[in-house]
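# Structural characterization, general
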Amino acid sequence: MANNLLRLCLLIGMLTTFGCTQSKPYDAIATHPVTGTVHINGVPAQGALVRFWPQTVQPGVKYPISPVGKVDASGTYQLTSYEGPDGAPLGEYVVTITWPDPDWRPPGGGMPPPPPDRLLGKFGDSKKPVLKFTVVDGQNNVDPIVLDNAKILEGSKLPSASN
């Protein structure tokens, strides 16, 4: 029995060592902080998703990285490529915006599908971007994105302009 316990301890030790020496499960390249603001029809677009689609090759990764930022209550977003507000790799990007409506319910009830885009997909197509932006070394501040008179999904609830 002591022999089996010793084998088990050795096996656990080998697995732990093997697990600690493994490389990251993904290719990672340097990122740079990117922040900006989004206001739609006069209000901060809280919950909107701002996605940066790479237009240049990103050396060192197998698959292109498309950083995304979620707009907070003040209208500010910070991009994330891997974890937290780590930013985006260097390069040229086109920018899209979608604004999921988590409170939307389909007419007639039932289990709701994924939330629809409050902006009806108008600003979510990378072939028709909201803007173009180049991420450079260091802090990157994107010009404010202001979309006035944007058509909003019928029945969608928006925050009031006083927030």
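Residues numbered from 1 in each chain as written. Predicted model: local features only at pLDDT ≥ 70, side-chain atom pairs only at ≥ 80, totals over all residues. Heavy atoms only, no water.

A few words on the pairing of strand β7 (residues 131-135). Only one face of β7 is covered, namely the one carrying Leu131, Phe133 and Val135; the face carrying Lys132 and Thr134 has none of its residues buried. Looking at chain direction, strand β6 (residues 91-98) and β7 are connected through 5 bridges and run antiparallel. Bridge pairing links Val94 to Lys132 in β7. (Buried < 20%, exposed > 50% of the residue type's maximum accessible area, 1.4 Å probe, protein only. Helix = DSSP H or I, 4+ residues; strand = E, 2+ residues; numbered from the N terminus. Pairing = 2+ DSSP bridges.)

Using the criterion set out here, one finds 1 salt bridge in the structure. A salt bridge links Asp101 to Arg118; the nearest nitrogen and oxygen atoms lie 3.3 Å apart. Here Arg118 lies in the loop between β6 and β7 and Asp101 lies in the loop between β6 and β7, a separation of 17 residues in the sequence. (Salt bridge = Lys/Arg side-chain N within 4 Å of Asp/Glu carboxyl O.)

Spatially, β4-β3-β6-β7 is the arrangement adopted by the 4 strands of the open sheet, whose pairing is antiparallel. Strands with a single pairing partner mark the edges of an open sheet, and in this sheet they are β4 (68-70) and β7. Ignoring which end each strand starts from, the neighbouring axes of this sheet average 30° apart. (Axes fitted to C-alpha atoms, helices over the stretch in contact; angles between N-to-C directions.)

Further remarks concern unusual backbone geometry. In the Ramachandran plot, Asn41 falls in the positive-phi region, its phi being about 50° despite a non-glycine side chain. On the secondary structure map, Asn41 appears in the loop between β1 (34-40) and β2 (43-44). We note that Asn149 has phi near 55°; this positive angle belongs to a residue other than glycine.

By the element assignment, Trp99 lies in the loop between β6 and β7. Its relative accessible area of 0% is what places Trp99 among the buried residues. Separated by 25 residues in sequence, Trp99 and Gly124 place their C-alpha atoms 9.0 Å apart.

Moving on, we get to the packing of aromatic side chains. Applying the stated criterion across every chain yields a total of 2 aromatic pairs. A ring pair is formed by Phe52 and Phe133, whose centres lie 6.0 Å apart and whose planes are at 75°; its orientation type is edge-to-face. Of this pair, Phe52 sits in strand β3 (residues 49-54) while Phe133 sits in strand β7, and the two are 81 residues apart along the sequence. For the pair Phe52 and Phe133, a shared accessibility class is recorded, and that class is buried. The structure contains a cluster of three or more aromatic residues connected by ring pairs, namely Phe52, Tyr93 and Phe133. We note Arg51 situated over the ring of Trp53; from NZ or CZ to the ring centre the distance is 5.6 Å. The ring of Trp99 carries Arg118 above its face, with NZ or CZ at 4.7 Å from the centroid. (Phe/Tyr/Trp six-rings, centres within 6.5 Å; stacked < 30°, edge-to-face > 60°. Lys NZ or Arg CZ within 6 Å of the ring centre and 35° of its normal.)

Moving on, we get to the confidence of the model for the chain. Detailed reading of predicted coordinates is not advised where the pLDDT is low. Of all residues in the chain, 77% attain a pLDDT of 70 or more, and the chain-wide mean is 85. The low-confidence segment residues 15-23 (pLDDT under 50) makes 0 contacts with residues lying over four places distant or belonging to another chain. (pLDDT = per-residue confidence, 0-100. Contact = heavy atoms within 4.5 Å.)

This next bit is on the side chain of Asp101. Asp101 sits in the buried class, given a relative accessible area of 1%. When neighbours within four sequence positions are excluded, Asp101 is seen to be in contact with Pro115, Pro116, Arg118, Ser156 and Lys157.

For the rest of this paragraph, the subject is the side chain of Asp117. Mapped onto the secondary structure, Asp117 falls in the loop between β6 and β7. Buried charged residue Asp117 carries no salt bridge. Nearest counter-charge: Arg118, at 7.5 Å. Of note is the side chain of Asp117, whose polar atom sits 2.8 Å from the backbone nitrogen of Trp99. One polar contact links the side chain of Asp117 to the main-chain amide nitrogen of Gly121, over a distance of 3.0 Å. Those residues in contact with Asp117 that lie beyond four places of it in its chain are Ile97, Thr98, Trp99 and Leu153. (Lys, Arg positive; Asp, Glu negative; His and termini not counted. Polar contact = N/O pair within 3.5 Å; in protein donor to acceptor, adjacent residues only side chain to side chain.)

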